[in-house]
Every structure is written in C-alpha cells, then in structure tokens.
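The lines below spell out each chain.
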Amino acid sequence: MARPIEAAPTCDDSWRLTTMADRVTVIGWDGSPLTAAAGAALSAATLVAGAAHHLALPEVPPRAERIRLGSVDLAARRIAGHRGSAVVLADGDPGFFGVVRTLRAPEHGLEVEVVPAVSAVAAAFARAGMPWDDAQVVVAHRRTLRRAVNVCRAHPKVAVLTSPGAGPAELALLLEGVHRTFVICEELGSEREQVTVLTSDKVADHAWRDPNLVIVLGGSGHGVPAPGWIAGRDPAPPQSVRGWALPAHEYGELGAGETADLRAAQLARLGPRTGDLVWDIGCGSGALAAEAARFGAAVIAVDADKAACARTEALARRFRVQLHVVAGRAPHVLESLPEPDVVRVGGGGAAVVSACADRRPERIVAHAATRDEAEAIGAALAEGGYEVECALLQSVELDTSVWSERERSVAFLLSGRRGERSP
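Residues numbered from 1 in each chain as written. Predicted model: local features only at pLDDT ≥ 70, side-chain atom pairs only at ≥ 80, totals over all residues. Heavy atoms only, no water.

Chemist: Requested: an account of the environment of glutamate 405, with residues and values cited.
Modeler: Position of glutamate 405 relative to the elements: it lies in strand 17 (residues 404–418). Looking at glutamate 405, the relative accessible area reads 45%, which means it is partly exposed. As a C-alpha pair, glutamate 405 and phenylalanine 319 span 86 residues in sequence and 31 Å in three-dimensional space. The contact partners of glutamate 405, leaving out residues within four places of it in the chain, are Val396, Glu397 and Leu398. Within the local environment of glutamate 405, its side chain forms a polar contact with the side chain of arginine 408, the two groups lying 2.7 Å apart. (Helix = DSSP H or I, 4+ residues; strand = E, 2+ residues; numbered from the N terminus. Buried < 20%, exposed > 50% of the residue type's maximum accessible area, 1.4 Å probe, protein only. Contact = heavy atoms within 4.5 Å. Polar contact = N/O pair within 3.5 Å; in protein donor to acceptor, adjacent residues only side chain to side chain.)

What follows is the structure, given as structure tokens:
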C-alpha cells in the first residue's frame, strides 16, 4: 500500500522539529512515593526542572541537567532547546493553576505528558475533613491579592493559593473588620507539614512558612448546602428568585431611588463581578446591594439609618448572600473602608460623589430628582476625572386589568467612567 504523502513542514515547524525536546513529562508531587510511571520518566530524564525541594529528591538522576524553576517561561525555552527527555516537577496537580498551561502556550510549542498528584487544594480540604466542590479557588500574588480578598469577603468558603508577599498575614490584614476562620496548611506533604486553625484577627501575629495554602471560612451561616451540580458558587441556586432588578414586593419597603428600572440601569452601568468590591452608599432597603452580591461581587453597604442597615442585613440572609453592612454617615465613614472597584451613591449628593471620586473606582453611578442636583453631581464627577453620562429615565407602571397608569417615576441617572488619563 502506498504511504500517504505528508505535508512538508513550514519554517516554523522546522524550527520546532529541530529544537523541541524529544519528550517532556510533567510530574506532580505531593510528598507520596512516586508512581511507577513517574519514576520511569524521571529515571530516564536528561534534564530536570523544579523547585529546590524537587531537585533534592533522590530519584533525580545525578547526571541530568538541573534547572531551578523561577520563571516558568525561561525554563520552557531551555526545555524547548534541549535534545533528550525533560521532566518538570511541580507540587500537586500541575494542570490545576500549575505549570502545564505555560508549557503548552503557543510560544513554546511543547507537547507534554502529565503524571498528576493530589492537588494542594484537595489535600488541604482533606486535612480539614471538609468537602470542597462548593468552594471558590483563587490564586493570590501581589497583583491579584486585593481581588482574592474580595472573593473571601463575598463567599463563605474559599481556598487561596498563596505566594510570597500575598500570604495568610496579608490576606488577614486586608480582611480587617470581616470575621473569618483561617485553616492554614503549611508545606503540605512534607515532613514539616502543619495545619493551623485561627480566627482572621490573629493570623497576622504569626510568621508562616512557604509554600502554604489557606482555606477561608465564614460569613453569615446558611446551613449545610444541598448537593450541587456545578463546582464552586452556584450562580442560580434552585431556591433563588429568577431575574435581576426584582420588583418591590420582593424587598418590602423601597425608597424613592430604588425602583426596579433605576436599579436595572445602575447595575448595567456598574457591571459588578467576582473579585470586585462594590460600595453601596445610602443602601436603603439593601435591594441593590443584594443584587450586586448575587453577581458574585463583594459588597459594603453603608447607611446612616440603623433601621436601613437592619433591613439590608435581613435581606442578605433571605437571598443567601454575604454583605458587610456599615452604619455611618458618608462621606466621613468612607475613610476607613477598603478601596472600591465600583460605587453606587444612593444618597448624599455631590459631596459624597466627590469623596468617592477621590478613591478612584472604575465607575460611579448616582441618581438625582432635579436637574440642578444632576448638574452638581455631573460636575463633581467631571472634576474628579470621570467621563460623565446622564440620562433622564421615566417609567410608568400600568395596571393591566384596566390598562391604566398605576405609578410613574422620573429620575436623572448619572454615571462616571474613570478616564484613561485621569490621575
């Protein structure tokens, strides 16, 4: 039988064929003895890359070239140019927030075989004796630490894969004022493994060894959740009300600036999402705060009226979301709050809008009942370096039994988007 004609390699393909390692195996390590497949691949390796504790393993061939993993990109280039069998050692499951993604990136062109071990997240929850299919999992380093903290604010069970400078102490300090329980797992799988359980206010008093992983637990308790169908946070649990910007009867007493249509427009402009911190200033009934939290964002709801704060807390329990409610008058109470990503100003006018603009959130929304008030808020946003939009919203609720007007609402909706060149 004639052999099929194979396409000639392109210039790029020729480069890959002459420089790519003959075989690349990524081996996960969790402290257990290596499997037969992992041991065979490692014994045949002519290049081994890994952290210092991986390269110290007795199974590493003495004559193999060794690369200590710092930058995975740099290591991938070395591996791509190596002729022979390369092995990369990594903790846990290297396909879960691990090195496999970088090695398989198009710029490196590496095809890899993976021999996984138990992931650090699975091992940590096993040590804690807890299920983790309902946990959020985040990676914290200096660039993403604040967003990881916001996920811990918004969700009752979070596993945080830490890094130097973004570890348990830093997490706890940024969670100041929010009570959580930390399960801190140090050097899992090693002889120095240690698991410590502390409340978040005590964590910064200790020094923690790397590598470590933190399980952050707490918030308003909602009982034991039913078995789920999706990993992590269920975006729409069966008992939840379908839809957004729900009508007034879902919330009870609503203020003049909390109509469903106005809330819908405000949420659309804010775009709250997982990892964000939302300020809802003048939260009133808590309707917008609860809906922003349902999108997965962390929310701080502020109101000078203690009764409004109590209603907001009750609403959070009803909708099974995490809210941090602060009783106090803006703008003074805002000084001690962590930096927001987006802000809704439900009360306080231009003075509060100016104070919020000083904190440089990406977006600010507010509403006004009169044109003069709208112009003052718009000026405050513009002076703060924001691109301003304003719309006059009018909605009429009809009684469909007789098709007559039941209620009319009119409001100016203002939104500010932080300019690219703003300070």
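Past the structure itself, the notes keep going.
Chemist: Please provide a residue-by-residue account of helix 7 (residues 145–154), values included.
Modeler: Along helix 7, eight of the ten residues are buried, which leaves the element largely enclosed by surrounding structure. Restricting attention to buried positions, one finds in helix 7 the residues Leu145, Ala148, Val149, Asn150, Val151, Cys152, Arg153 and Ala154.

Chemist: Before we move on, could you go through the nonpolar core and cite the residues and values that matter?
Modeler: Of all hydrophobic cores here, the largest spans 28 residues; its most connected members are Trp279, Ile281, Leu334, Val345, Cys356 and Ile364. With near-sequence residues (within four places) excluded, valine 345 lies in contact with Ile281, Val352, Val353, Cys356, Ile364, Val365, Ala366 and His367. (Core = buried A, V, L, I, M, F, W, Y, C linked by side-chain atoms within 4.5 Å.)

Chemist: Before we move on, could you go through the packing of helix 13 (residues 349–357) against helix 14 (residues 371–383) and cite the residues and values that matter?
Modeler: Two elements in contact, helix 13 and helix 14, have axes separated by 8 Å at closest approach and are oriented at 15 degrees. Considered as vectors, helix 13 and helix 14 are oriented roughly parallel to each other. Both helix 13 and helix 14 take part in a crossing whose hand is right-handed. Every residue of helix 14 that contacts helix 13 at Gly349, Ala350, Val353 and Ser354 is listed here: Ala376, Ile377, Ala380 and Leu381. Taken together, the residues of the contact of helix 13 with helix 14 sort by class into six nonpolar, two polar and no charged. (Axes fitted to C-alpha atoms, helices over the stretch in contact; angles between N-to-C directions. Parallel < 35°, antiparallel > 145°, perpendicular 65-115°, else oblique. Left-handed = near helix turned anticlockwise from the far one by under 90°. Nonpolar A, V, L, I, M, F, W, Y, C, P; charged D, E, K, R; others polar.)

Chemist: Could you give an account of the packing of aromatic side chains, with specific residues and numbers?
Modeler: In this structure the tally under the stated criterion is four aromatic pairs. Geometrically, the ring pair formed by tryptophan 244 and phenylalanine 295 is stacked, given 4.2 Å between the ring centres and 15 degrees between the ring planes. One end of the pair, tryptophan 244, is in the loop between strand 10 (212–218) and helix 10 (260–270); the other, phenylalanine 295, is in the loop between helix 11 (287–294) and strand 12 (298–303), with 51 residues separating them in the sequence. When the ring of tyrosine 251 is compared with that of phenylalanine 319, the centres are 5.6 Å apart and the planes differ by 35 degrees; the resulting orientation is tilted. Here phenylalanine 319 lies in helix 12 (residues 306–319) and tyrosine 251 lies in the loop between strand 10 and helix 10, a separation of 68 residues in the sequence. Each member of the pair tyrosine 251 and phenylalanine 319 is classed as buried. (Phe/Tyr/Trp six-rings, centres within 6.5 Å; stacked < 30°, edge-to-face > 60°.)

Chemist: Requested: an account of the pattern of salt bridges, with residues and values cited.
Modeler: Per the counting criterion, the structure on display carries 19 salt bridges. Residue glutamate 250 pairs with arginine 318 through a salt bridge whose shortest N-O separation is 2.9 Å. Of this pair, glutamate 250 sits in the loop between strand 10 and helix 10 while arginine 318 sits in helix 12; the two residues are 68 residues apart in sequence, bridging distant segments of the chain. The partly exposed category is assigned to arginine 318, whose relative accessible area is 46%. Through salt bridges with shared partners, a single ionic network connects Arg147, Arg273 and Asp276. (Salt bridge = Lys/Arg side-chain N within 4 Å of Asp/Glu carboxyl O.)

Chemist: Which residues make up the pairing of strand 14 (residues 342–345), and what values go with them?
Modeler: The alternating pattern of strand 14 places Val342 and Arg344 and Val343 and Val345 on opposite faces, both of which are buried. When strand 11 (residues 277–281) meets strand 14, the two strands line up parallel, connected through four bridges. Along strand 14, the bridge assignment pairs valine 278 with valine 342. Summarising the sheet, strand 14 and strand 15 (residues 363–368) pair through four bridges and their orientation is parallel. Bridge pairing links valine 343 to isoleucine 364 in strand 15. Each parallel crossover has a hand, and for strand 14 linked through helix 13 to strand 15 it is right-handed. (Pairing = 2+ DSSP bridges. Right-handed = clockwise from strand over helix to strand, strands pointing away.)

Chemist: Account for the packing of helix 10 against helix 11, naming residues and giving values.
Modeler: Packed helix pairs are specified by the crossing angle of their axes together with the interaxial distance, meaning the distance between the axes. Helix 11 packs onto helix 10 with a crossing angle of 40 degrees between their chain directions and a minimal axis gap of 11 Å. As summarised for this structure, helix 10 and helix 11 are arranged oblique, according to the angle between their axes. When the axes of helix 10 and helix 11 are compared, the crossing they make is right-handed. Residues Arg263, Gln266, Leu267 and Leu270 of helix 10 lie in contact with helix 11, whose contacting residues are Ala287, Leu288, Glu291 and Ala292. Residues belonging to the contact of helix 10 with helix 11 are distributed by class as follows: five nonpolar, one polar and two charged.

Chemist: Report on the side chain of aspartate 341, specifying residues and quantitative values.
Modeler: In this structure, aspartate 341 sits in the loop between strand 13 (324–327) and strand 14. The class for aspartate 341 is buried, based on a relative accessible area of 5%. Of note is the side chain of aspartate 341, whose polar atom sits 2.5 Å from the side chain of arginine 146. Sequence-distant contacts of aspartate 341, that is, excluding residues within four places in its chain, are made with Arg146, Arg147, Asn150, Gly275, Asp276, Leu277, Pro361, Glu362 and Arg363.

Chemist: Please provide a residue-by-residue account of the sheet that holds strand 1 (residues 23–29), values included.
Modeler: Strand order in the open sheet formed by five strands is 3-2-4-1-5, and the pairing between neighbours is parallel. Strands at the two margins of the open sheet, each flanked by one partner only, are strand 3 (65–68) and strand 5 (113–115). Each adjacent strand pair in this sheet contributes to an overall mean axis angle of 20 degrees, direction not counted. Lying over the sheet, helix 2 (residues 36–43) contacts strand 1, strand 2 (47–50), strand 4 (85–91) and strand 5, oriented at roughly 130 degrees with respect to strand 1. Together, strand 1, strand 2, strand 3 and strand 4 form the strand contacts of helix 4 (residues 72–80), whose direction differs from that of strand 3 by roughly 160 degrees.

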